[in-house]
Amino acid sequence: VQLQASGGGLVQAGGSLTLSCKVSGVSGYTFVFTTMGWYRQVPGKQRELVAGIMTDGSKTYEDSVKGRFTISRDPSRYQVTLQMNNLNSEDTAVYYCNIDVDSRTYWGQGTQVTVSS
């Protein structure tokens with residue numbers, strides 16, 4: 001199982017970015033009926049869940065991103081996307097995607113998001 005994250009970059013406060021996570025090495029069934037998420041980490045702090053999509057398709061968001069971030073899953077592309085709007089400086093972090101397969105968690109390589117004020 002491999003995950004390839006992309007879409008990070010530098011953006012001004014109030015701007016938007018779209019992160020994508022391409023998954024390979026899983027079946028279509030597994031991709032649809034598994035838990036995936038986007039996490040972020042800043043130096044000196046633990047990695048935290050930003051948004052998750054569950055096996056039943058339900059979604060969860062960290063409180064500070066509710067109403068601004070949207071997670072979605074595209075089975076035709078084996079891709080999970082995190083749309084981030086109205087970004088602020090506190091969103092600056094390295095963002096990681098993950099997937100749970102057969103009781104194991106796999107991580108992407110991380111993509112840097114920097115929001116300038």
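All values reported here derive from a predicted model rather than from experimental measurement. (Residues numbered from 1 in each chain as written. Predicted model: local features only at pLDDT ≥ 70, side-chain atom pairs only at ≥ 80, totals over all residues. Heavy atoms only, no water.)

(A) Region of the structure containing the sheet that holds strand β3 (residues 17-24). Taken together, the four strands give an open sheet; going across it, the order is β1-β3-β8-β7, and neighbouring strands pair in antiparallel fashion. The outermost strands of the open sheet, each flanked by one partner alone, are β1 (2-6) and β7 (69-74). Within this sheet the neighbouring strands show an average axis-to-axis angle of 15 degrees, counted without direction. Bridging between β1 and β3 involves five bridges; their strand directions are antiparallel. Across the sheet, residue Gln2 finds its bridge partner in β3, namely Ser24. (Pairing = 2+ DSSP bridges. Helix = DSSP H or I, 4+ residues; strand = E, 2+ residues; numbered from the N terminus. Axes fitted to C-alpha atoms, helices over the stretch in contact; angles between N-to-C directions.)

(B) Structural detail: the pattern of salt bridges. Scanning the model with the defined rule gives six salt bridges in all. A salt bridge links Arg40 to Glu62, with the nearest nitrogen and oxygen atoms 3.8 Å apart. One end of the pair, Arg40, is in strand β4 (residues 36-41); the other, Glu62, is in the loop between β6 (59-61) and β7, and 22 residues separate them in sequence. The exposure class assigned to Arg40 is buried, which follows from its relative accessible area of 6%. Here Asp91 ties to Arg40 by a salt bridge, and the two come within 2.9 Å at their closest N and O atoms. Note that Asp91 is positioned in the loop between β8 (79-84) and β9 (93-101) and Arg40 in strand β4, a separation of 51 residues in sequence. One network of salt bridges, with partners in common, ties together Arg40, Glu48, Glu62, Arg68 and Asp91. (Salt bridge = Lys/Arg side-chain N within 4 Å of Asp/Glu carboxyl O. Buried < 20%, exposed > 50% of the residue type's maximum accessible area, 1.4 Å probe, protein only.)

(C) Inspection of the pairing of β8 at higher detail. Burial runs high along β8: five of the six residues are buried. With six bridges connecting them, β7 and β8 associate as antiparallel partners. Residue Ser72 lies in a different strand from β8, and its bridge partner there is Thr81. Where β7 folds back on β8, the antiparallel hairpin that results is connected by four residues, among which Tyr78 adopts a positive phi of roughly 50 degrees.

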